[in-house]
Amino acid sequence: QVQLARDYFRVGRDYLSRVENPRCRVAGYAYIARFELVLDAIEKEDYRLRADYPERKSGRAALKMAWSAIVQAFKSPAKVRYLPTVDSMIVKETA
């Protein structure tokens, strides 16, 4: 599930790279960065889940999210030949 979430975030970043409004791009990238911090913590703790992830609210996390969002928002748009949709990324389990 963590890898699936990362795949969805990649699709989201690809989409955001084409959004014209820089404010919307920054907000979208910040949202992704916030949850990538949680995914990093989940992986670091060998996929043991906790009820809360207070480290995502730290000053260090806020700086990391802000820097990531701003850098991504203002770099040149990606040249995407094929952009998968979320539906095309869903792996269907077989019984």
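Residues numbered from 1 in each chain as written. Predicted model: local features only at pLDDT ≥ 70, side-chain atom pairs only at ≥ 80, totals over all residues. Heavy atoms only, no water.

## Some details on helix α2 (residues 22-44)
Thought 1: The terminal C-alpha atoms of α2, which comprises 23 residues, lie 32 Å apart, in line with the 33 Å expected from a rise of 1.5 Å per residue.
Thought 2: Restricting attention to buried positions, one finds in α2 the residues Arg25, Gly28, Tyr29, Ile32, Ala33, Glu36, Leu37, Val38, Leu39, Ala41 and Ile42.
Thought 3: Tucked inside the fold, the buried residues of α2 contact α1 (2-16) and α3 (59-74).
Thought 4: N-capping of α2 is provided by Asn21, with a side-chain oxygen placed 2.8 Å from the backbone N of Arg23. (Helix = DSSP H or I, 4+ residues; strand = E, 2+ residues; numbered from the N terminus. Expected span 1.5 Å × (residues − 1). Buried < 20%, exposed > 50% of the residue type's maximum accessible area, 1.4 Å probe, protein only. Contact = heavy atoms within 4.5 Å. Polar contact = N/O pair within 3.5 Å; in protein donor to acceptor, adjacent residues only side chain to side chain.)

## Some words on α1
Thought 1: Taking 1.5 Å of rise per residue, the 15 residues of α1 would be expected to cover 21 Å, and the 21 Å separating its terminal C-alpha atoms lies within 8% of that figure.
Thought 2: The set of residues buried in α1 consists of Val2, Arg6, Phe9, Val11, Asp14 and Leu16.

## So, the packing of α1 against α2
Thought 1: Their axes nearest at 10 Å, the elements α1 and α2 cross at an angle of 165°. Relative to α2, the element α1 is oriented roughly antiparallel. Judged by the twist between their axes, the crossing of α1 over α2 is left-handed. Touching Val2, Ala5, Arg6, Phe9, Gly12, Arg13 and Leu16 of α1 are Cys24, Arg25, Gly28, Tyr29, Ile32, Phe35, Glu36, Leu39, Asp40, Ile42 and Glu43, all from α2.
Thought 2: Residues of the contact of α1 with α2, tallied by class, amount to ten nonpolar, two polar and six charged. (Axes fitted to C-alpha atoms, helices over the stretch in contact; angles between N-to-C directions. Parallel < 35°, antiparallel > 145°, perpendicular 65-115°, else oblique. Left-handed = near helix turned anticlockwise from the far one by under 90°. Nonpolar A, V, L, I, M, F, W, Y, C, P; charged D, E, K, R; others polar.)

## A short note on the packing of α2 against α3
Thought 1: Running from amino to carboxyl end, α2 crosses α3 at an angle of 135°, the nearest separation of the two axes being 8 Å. Considered as vectors, α2 and α3 are oriented oblique to each other. In the packing of α2 onto α3, the handedness of the crossing is right-handed. Each of Pro22, Arg25, Val26, Tyr29, Ala30, Ala33, Arg34, Leu37 and Asp40 in α2 lies in contact with α3, whose residues at this interface are Ala61, Lys64, Met65, Ser68, Ala69, Gln72, Ala73 and Phe74.

## Quick notes on the nonpolar core
Thought 1: Leu16, Tyr29, Leu39, Ile42 and Tyr53 are the most contacted members of the largest nonpolar core, which totals 13 residues.
Thought 2: When residues of this core are traced back to their parent elements, those giving at least two are α1, α2 and α3.
Thought 3: Top contributing element to this core by residue count: α2, with six residues.
Thought 4: Setting aside anything within four residues of it in sequence, one finds Ile42 in contact with Val2, Tyr47, Arg48, Leu49 and Tyr53. (Core = buried A, V, L, I, M, F, W, Y, C linked by side-chain atoms within 4.5 Å.)

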